[in-house]
Amino acid sequence: MSAGLEHIRRNMADYLKEQGICALTAWPANPRQEQEEPVVLVSLRGCRAGPACFQNYLGDRFGQESGCWEERYGKKAELTFGLDIYAPEKGDGEAVQRAFDALAGALILGGPEGLDVQSFSCGETCRDGESRRLKRPVEAVCSAILCAVSSVDGSFVDFELRGVMKP
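Right, let's walk through the structure included here. Small disclaimer: the values here were computed from a predicted structure and weren't measured.

## Description of the overall build of the protein chain
Okay, step 1: Helix and strand counts for the protein chain stand at two helices and nine strands.
Okay, step 2: From first element to last, N terminus to C terminus, the protein chain shows the α and β order α-β-β-β-β-α-β-β-β-β-β.
Okay, step 3: Counting every position in the protein chain, which comprises 167 residues, the buried fraction comes to 39%.
Okay, step 4: The long-range fraction of contacts in the protein chain, counting pairs at least 24 apart against all pairs at least 6 apart in sequence, stands at 61%.
Okay, step 5: Carbon and sulfur atoms make up 49% of the accessible area of the protein chain, which amounts to about 10000 Å² in all.

Have a look at this one:
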């Protein structure tokens, strides 16, 4: 059984790409090509999960795929994303600032489906000696519901990211 977080970095990177931002997931399986433009590297820096309601019970729903009623359980999660901006060393950092402005605009729009952006912050632009690039560290804190579906026999089928509950 998964915890529902396997694809969360990819979902954030895909959302940022849809907003016109060059974004890649951190620590890819294959080597990356050197970028001439600023790029946002998406990582998951933290996850805090706690109860969403009494004994994590969210209610039941008719499952279209299964054709029967399914009980749903879940936990409220706070996810901290690293959205660090890297750019070639040439120039005075203006490209990094433009990239941050675009990133901030995308985060203000709300983030990918299932994630509610609570806050975001950035540090100062500096030279990263290891990568020989300019770097501006950025973090975004998002809330979500990790939801599990139980089958007819009471065992959990799998967890998935479902988004925040609206009052």
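There's plenty left to go through after this.
## Remarks on the nonpolar core
Okay, step 1: One finds M12, L16, V40, F81, L83 and L103 to be the most contacted residues of the largest nonpolar core, which totals 30 residues.
Okay, step 2: Where this core is concerned, the elements lending two or more residues are α1 (8-18), β2 (39-51), β4 (68-88), α2 (94-108) and β8 (138-150).
Okay, step 3: For this core, the leading source of residues is α2, giving seven residues.
Okay, step 4: Setting aside anything within four residues of it in sequence, one finds M12 in contact with V42, F81, L83, P112, L115 and C142.

## Considering α2
Counting along an α-helix, one turn takes 3.6 residues, and residues three or four places apart therefore face a common direction.
Okay, step 1: With 15 residues, α2 ought to run about 21 Å at 1.5 Å a step, and its terminal C-alpha atoms sit 21 Å apart, in line with that.
Okay, step 2: Listing the buried residues of α2 in full gives V96, A99, F100, L103, A104, A106 and L107. Projected down its long axis, α2 carries its buried residues within an arc of 160°, all on one side. Of the residues in α2, the exposed ones pointing more than 90 degrees away from the buried face are R98 and I108.
Okay, step 3: Immediately beyond the C-terminal end of α2, within one or two residues, lies G110, with a positive phi of roughly 125°.

## Details of α1
Okay, step 1: Every buried residue of α1 is accounted for by I8, M12, A13, Y15 and L16. One side of α1 holds all its buried residues, which, seen down the axis, span an arc of 160°.
Okay, step 2: Two residues or fewer past α1, G20 is found with a positive phi of approximately 85°.

## Remarks on the side chain of S143
Okay, step 1: As for its placement among the helices and strands, S143 is situated in strand β8.
Okay, step 2: A distance of 3.0 Å separates the side chain of S143 from the side chain of Q118, its partner in a polar contact.

## Quick notes on the pattern of salt bridges
Okay, step 1: A complete count under the given rule lists five salt bridges for this structure.
Okay, step 2: Among the ionic pairs, R45 bridges to D84, the shortest N-O distance being 2.4 Å. A residue pair is termed long-range when its members are at least 10 positions apart, and R45 in strand β2 and D84 in strand β4 qualify at 39 residues.
Okay, step 3: The buried category is assigned to D84, whose relative accessible area is 8%.
Okay, step 4: Taking the shortest distance from any N to any O, the salt bridge between E94 and R98 comes out at 4.0 Å. Of this pair, E94 and R98 are both found in helix α2, four residues apart, which corresponds to roughly one turn of the helix.
Okay, step 5: The network of salt bridges with shared partners includes R45, D84 and E139.

## Some remarks on the side chain of D84
Okay, step 1: A distance of 2.4 Å separates a polar atom in the side chain of D84 from a polar atom in the side chain of R45.
Okay, step 2: Leave out the neighbours within four places in its chain, and D84 touches V39, V40, L41, R45, K135, R136, P137 and V138.

## Description of the packing of aromatic side chains
Okay, step 1: For the coordinates displayed, the defined rule picks out zero aromatic pairs.
Okay, step 2: The lysine or arginine in question, R136, covers the ring of F100, its NZ or CZ lying 5.4 Å from the ring centre.

Calculation criteria
Residues numbered from 1 in each chain as written. Predicted model: local features only at pLDDT ≥ 70, side-chain atom pairs only at ≥ 80, totals over all residues. Heavy atoms only, no water. Helix = DSSP H or I, 4+ residues; strand = E, 2+ residues; numbered from the N terminus. Buried < 20%, exposed > 50% of the residue type's maximum accessible area, 1.4 Å probe, protein only. Contact = heavy atoms within 4.5 Å. Areas by Shrake-Rupley, 256 points an atom, 1.4 Å probe, with all protein chains shown as cover. Core = buried A, V, L, I, M, F, W, Y, C linked by side-chain atoms within 4.5 Å. Expected span 1.5 Å × (residues − 1). Arc of directions from axis to C-beta. Polar contact = N/O pair within 3.5 Å; in protein donor to acceptor, adjacent residues only side chain to side chain. Salt bridge = Lys/Arg side-chain N within 4 Å of Asp/Glu carboxyl O. Phe/Tyr/Trp six-rings, centres within 6.5 Å; stacked < 30°, edge-to-face > 60°. Lys NZ or Arg CZ within 6 Å of the ring centre and 35° of its normal.

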